[in-house]
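Overview (structure and organization)
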Amino acid sequence: MASSNDVMVTSAPTRSEFALDMWYVAALSAEVSDKPLARTLLNEPVVLFRTQDGQIGALEDRCCHRALPLSLGTVDESGLRCGYHGLLFNCAGACIEIPGQEKIPSKAKVTAYHAIEKGPLIWIWFGSELDSEPSCEPPEYSVHTDKRYLFDGDVYHYEAPYQLIHDNLLDLSHLGYVHANTIGGNAKIHMNAEMKVESEGDSVRVTRYMPNSTPPPTYTAAYPFAGQVDRWQEIVFYPSHLEIWTGAVDVNTESLDDPNRGGFHLRGFHGVTPQTAETSFYIWTQASNPTNNPAETMQLVIEQTAETFDEDKVVIEAQYANMQRFGQKAMLDIHVDVGANRARRIIKRLISAK
Amino acid sequence: MASSNDVMVTSAPTRSEFALDMWYVAALSAEVSDKPLARTLLNEPVVLFRTQDGQIGALEDRCCHRALPLSLGTVDESGLRCGYHGLLFNCAGACIEIPGQEKIPSKAKVTAYHAIEKGPLIWIWFGSELDSEPSCEPPEYSVHTDKRYLFDGDVYHYEAPYQLIHDNLLDLSHLGYVHANTIGGNAKIHMNAEMKVESEGDSVRVTRYMPNSTPPPTYTAAYPFAGQVDRWQEIVFYPSHLEIWTGAVDVNTESLDDPNRGGFHLRGFHGVTPQTAETSFYIWTQASNPTNNPAETMQLVIEQTAETFDEDKVVIEAQYANMQRFGQKAMLDIHVDVGANRARRIIKRLISAK
Amino acid sequence: MASSNDVMVTSAPTRSEFALDMWYVAALSAEVSDKPLARTLLNEPVVLFRTQDGQIGALEDRCCHRALPLSLGTVDESGLRCGYHGLLFNCAGACIEIPGQEKIPSKAKVTAYHAIEKGPLIWIWFGSELDSEPSCEPPEYSVHTDKRYLFDGDVYHYEAPYQLIHDNLLDLSHLGYVHANTIGGNAKIHMNAEMKVESEGDSVRVTRYMPNSTPPPTYTAAYPFAGQVDRWQEIVFYPSHLEIWTGAVDVNTESLDDPNRGGFHLRGFHGVTPQTAETSFYIWTQASNPTNNPAETMQLVIEQTAETFDEDKVVIEAQYANMQRFGQKAMLDIHVDVGANRARRIIKRLISAK
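The structure presented is a predicted model; accordingly, all values stated were derived computationally and were not measured.

Thresholds, definitions, all that
Residues numbered from 1 in each chain as written. Chains lettered and ligands numbered in written order. Predicted model: local features only at pLDDT ≥ 70, side-chain atom pairs only at ≥ 80, totals over all residues. Heavy atoms only, no water. Phe/Tyr/Trp six-rings, centres within 6.5 Å; stacked < 30°, edge-to-face > 60°. Helix = DSSP H or I, 4+ residues; strand = E, 2+ residues; numbered from the N terminus. Buried < 20%, exposed > 50% of the residue type's maximum accessible area, 1.4 Å probe, protein only. Contact = heavy atoms within 4.5 Å. Buried area = accessible area lost by both parts, 1.4 Å probe. Salt bridge = Lys/Arg side-chain N within 4 Å of Asp/Glu carboxyl O. Polar contact = N/O pair within 3.5 Å; in protein donor to acceptor, adjacent residues only side chain to side chain. Nonpolar A, V, L, I, M, F, W, Y, C, P; charged D, E, K, R; others polar. 1 Å grid on protein atoms, 1.4 Å probe; cavity = no way out; pocket = protein on both sides within 12 Å on 5 of 7 lines; lining within 4 Å. Points joined across faces, edges and corners; volume = space filled by probe spheres on them. Least-squares fit on C-alpha atoms with pLDDT ≥ 70 in both. Expected span 1.5 Å × (residues − 1). Domains from an automatic or database assignment. Pairing = 2+ DSSP bridges. Axes fitted to C-alpha atoms, helices over the stretch in contact; angles between N-to-C directions.

**Structural notes on the packing of aromatic side chains**
Residues and elements named next belong to chain B. Enumeration according to the criterion identifies 48 aromatic pairs over all chains in this entry. Between the aromatic rings of Trp-23 and Trp-125, the centroid separation amounts to 5.5 Å while the plane-to-plane angle is 65°, which identifies the pairing as edge-to-face. Placement of the pair is Trp-23 in strand 1 (residues 22-28) and Trp-125 in strand 10 (residues 121-126), with a sequence separation of 102 residues. Of the two residues, Trp-23 and Trp-125, neither departs from the other in class, the shared state being buried.

**A few points about the interface of chain B and chain C**
Contacts between chain B and chain C engage 39 residues on the former and 36 residues on the latter. Across the chain B to chain C interface the summed buried area is about 3400 Å²; carbon plus sulfur atoms make up 58%. Remark: the boundary between chain B and chain C carries four salt bridges. Here Arg-325 of chain C ties to Asp-61 of chain B by a salt bridge, and the two come within 3.7 Å at their closest N and O atoms. Linking chain B with chain C are 16 residue pairs in polar contact (both at pLDDT 80 or more), by the criterion used here. Residues of the side of chain B that touches chain C, tallied by class, amount to 19 nonpolar, 12 polar and eight charged.

**Observations concerning empty space enclosed by the protein**
All names here are of chain B. This structure, assessed with the given rule, holds three cavities of 30 Å³ or more. Taken as a whole, the largest cavity encloses approximately 80 Å³ of empty space. For the lining of the largest cavity, the secondary-structure elements that each account for two or more residues are helix 1 (162-170) and helix 6 (338-352). The greatest single-element share of the lining of the largest cavity, amounting to three residues, is contributed by helix 1.

**As for the relation of the copies chain B and chain C**
Taken as rigid bodies, chain B and chain C are interconverted by a rotation of 120° and an axial shift of 0.0 Å, the fit giving an RMSD of 0.0 Å. Expressed as an axis order, the relation between the two copies is that of a three-fold axis.

**Here's the deal with the interface of chain C and chain A**
Each partner contributes to the interface: chain C provides 38 residues, whereas chain A provides 38 residues. The interface formed by chain C and chain A includes four salt bridges. At the surface where chain C touches chain A, the tally comes to 16 residue pairs in polar contact (both at pLDDT 80 or more).

**Considerations on helix 6 of chain B**
Residues and elements named next belong to chain B. With 15 residues, helix 6 extends 21 Å from end C-alpha to end C-alpha; this agrees with the ideal 21 Å at 1.5 Å per step. For helix 6, the full list of buried residues reads Gly-339, Ala-340, Asn-341, Ala-343, Arg-344, Ile-346, Ile-347 and Leu-350. Against the buried residues of helix 6 lie helix 1, strand 12 (194-200), strand 13 (203-213) and strand 14 (229-237).

**Describing the domain arrangement of chain A**
For interface size, the figure often reported is the accessible area lost on association. Residues and elements named next belong to chain A. For chain A, the assigned domains are domain 1 (15-126) and domain 2 (142-352). A C-alpha centroid distance of 33 Å is found between domain 1 and domain 2. In this complex, domain 1 contributes 20 residues to the contact, which on the side of domain 2 involves 23 residues. In total, domain 1 and domain 2 occlude about 1600 Å² of area from one another, counting both sides; carbon and sulfur atoms represent 75% of this.

**Side note on the sheet that holds strand 2 (residues 37-41) of chain A**
Residues and elements named next belong to chain A. The three strands lie next to each other as 2-3-4, forming an open sheet whose pairing is antiparallel. The sheet is open, and its two borders are formed by strand 2 and strand 4 (56-60), each paired with just one other strand. Across this sheet, the average inter-strand angle for adjacent strands is 30°, counted without regard to direction. Both strand 3 (residues 44-50) and strand 4 contribute to a ladder of five bridges, which runs antiparallel. Bridging from a neighbouring strand, Val-46 pairs with Glu-60 of strand 4.

Printed below as a string of structure tokens:
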């Protein structure tokens, strides 16, 4: 039966403007419960929920009957029930009950997404076809299962495109200016640190070493350093997220490029997922291995991380608003942009590969 | 004298996208006083006011001089005076005074609307031509003058097209889901009630009977039922409004299809008037005949009605926002949509009849 | 090096829709300090600041590197430093430092505006070419340096085009309606006052005399009038601002058209600067020569002036919103519009002269 419902508007933007055939971070696990969560990802309104038997559901957030967001409905034993006329959908998107009606038409269904929970993260697959099967597993991130680390995280919404967040994270030279009041410290030290940029496949690695430095207050509070330290910053970009590993060891005690180095570690996971072409979700965790007062120090680390990201958000959103005000106007590249520009070329290649 | 005023924008949408040559509910009488009321109806900004001698004025809400909304002016003995330079307009739209200027040009006038007060309602005529005379009287609604009933009402603004409100009112099967916390009760009872849909001219009647039911708490509080009841719901759609008559009698004591049936009655008047193609006014009264503590029970009935309509507003506005997000995407019809779809066909026919 | 930054939007509107090759009021001097002030003028986002050595800087509010508003940066000894990666710009717009990089490319620069401080005002030049030199000095306004007067001022933002503010100030007949609760007094007196309109070059002068009037309460509180007064209102329009001189002398003691007349004076300076084609800044000062309790009376004058301008803002913004609702619809001119219409013709000629 064709709908007689004429109150319609023109078509919305599609996922095709993003890199596809990959997993994105949809949410923190802790966000997904028996209370449906509405979240637009890659222009597509999705409802995320967890059934009583622990399944993660990720459905198109629109009932196929009268278009109410399913996120206004209620999680049932076997799926999600619409809050308008009670249609019930299972996690595969099939309507399995229409109250007061025996026959369920085959068209009674909504798009279902592949969603997988891995530790504190919910990953979601966006294929180049709406119904394409995942061609790989979601990315591994060993820190979340490494007993040496404590971690916590949060979700930030940005009024800015995801690539501006990539830029920000790939270029830590901004620490001295944006985070002057928190973790910045001496701006010139960050600007002048030696930087190495390497690419491999769809990833970019930016490394900086700051040998024989004075450890920042958080470091000395968390770890029993003897005096001066050798510090490192390692940023690895992947199309769906970045991993940032910073830390320090006692000066001249270990090789900084040994991945088994000891000392004090801060290991950030930064899921960067487009909401639309102009807005983003930033879903992060921060892990650490404090030895002095671990729980307390960890709480301090999370608070400082959040404060720092608040500062980044102000800058990035102001930057994007200004780009919109000024329109198409060239930007001048400087030395610190090398890593970010490589990441942009990777995203560009992935988008045109579809 | 041509205006030298160049600060202008492109033309606004017109009334022609709505059913015309009919009366719409403009306001509750209680809203219209010597303090001007600004209200856009069918895309047209109107100012409603009541002069000292009791005339209802309904004028284009724009002074013909410098375009100030006349609703910012003051009601004078004989009309409405602009709040910028003091031009005075009578209820026929003619400018009858320009302060400091003797001659009043013939172009000094604004559009006047036919507006009629009938009981608690102000009706306004929208013809297919701007100056066409009403071809009929406003609709009758005997409940407002029936001494057996008490009533009260309110005006709701909707961020949604008027036809979504029609849909909602013509299909009470949503009671069990949308109003689970108020009047819903058992969802399945509402879904499974037998439904009869009849059309006649530009009206649609949907009838449901629920024989031998347990009366809801409001019913027993208001009326001395002996035990089980026979309940009915009658919804009559007209292009300008809906009349919804629900109620109950003691089981097996009267014929439910007798319009003179006794028992406990709830009689709703639901004026649904487009503000624009995307927003609406919902101007309603609810009447009842409580025998136990009439005034108190009536107040309870109005409070519960308002609470229920608040729930509908949340759903309908979310539905429309979602329709806009998803754009042109087919909707699946189910059994409960029969009445609503007939009403949509009537509106469609009336619009194309112009 | 071309930018790889693809996240861009379409081009913004330009200054060419405004009268150019002239000075506009950018700000009150008191607004410009070592804390950068962001202000869009003639569609162009500008940052205004004052360096330690007292220079007034007026730069494009966008870093040439990654487009952050420079107004989020910090004023340095020798210029303004961007708050993202620390690029430093001098008042001529040249980048004079890129942290961590020795060579400064010649493209590292932003647009600089000519800005001059004169008494309580900051003037800014907008030429028909982005880099054209001022062809004249900013306008003189002797009142700001006249020892007989006290003055103060403020900046108002309007959601309305600048020409609607011109209209309002050139036609004081609205006093009786818009300002009925403040300075209006008897509406008919204002409407019927004799009006003289004269033009000269790019200016328009509107004069009204109200001989043998009762002085308003503010006048008698401020000045020792003997009884009845002869009042005047002189409004002089210039494309960048208006000067409004009102006042009164004891009846039959002086010639009202003598610019050296005594009595009580109120002398308003009204800078009207487009922010965009649809929004404006109204930067005003009000001067007076109270003899009774000068400081107290002056404070009262400023409060009443601000209250009056608040009333105008409500009317003008409502007028513009209504013009947008109604679109292209002719406005009827009446006798009081003569001055305002001449001013509109001057602006129109200046815009097409480019």
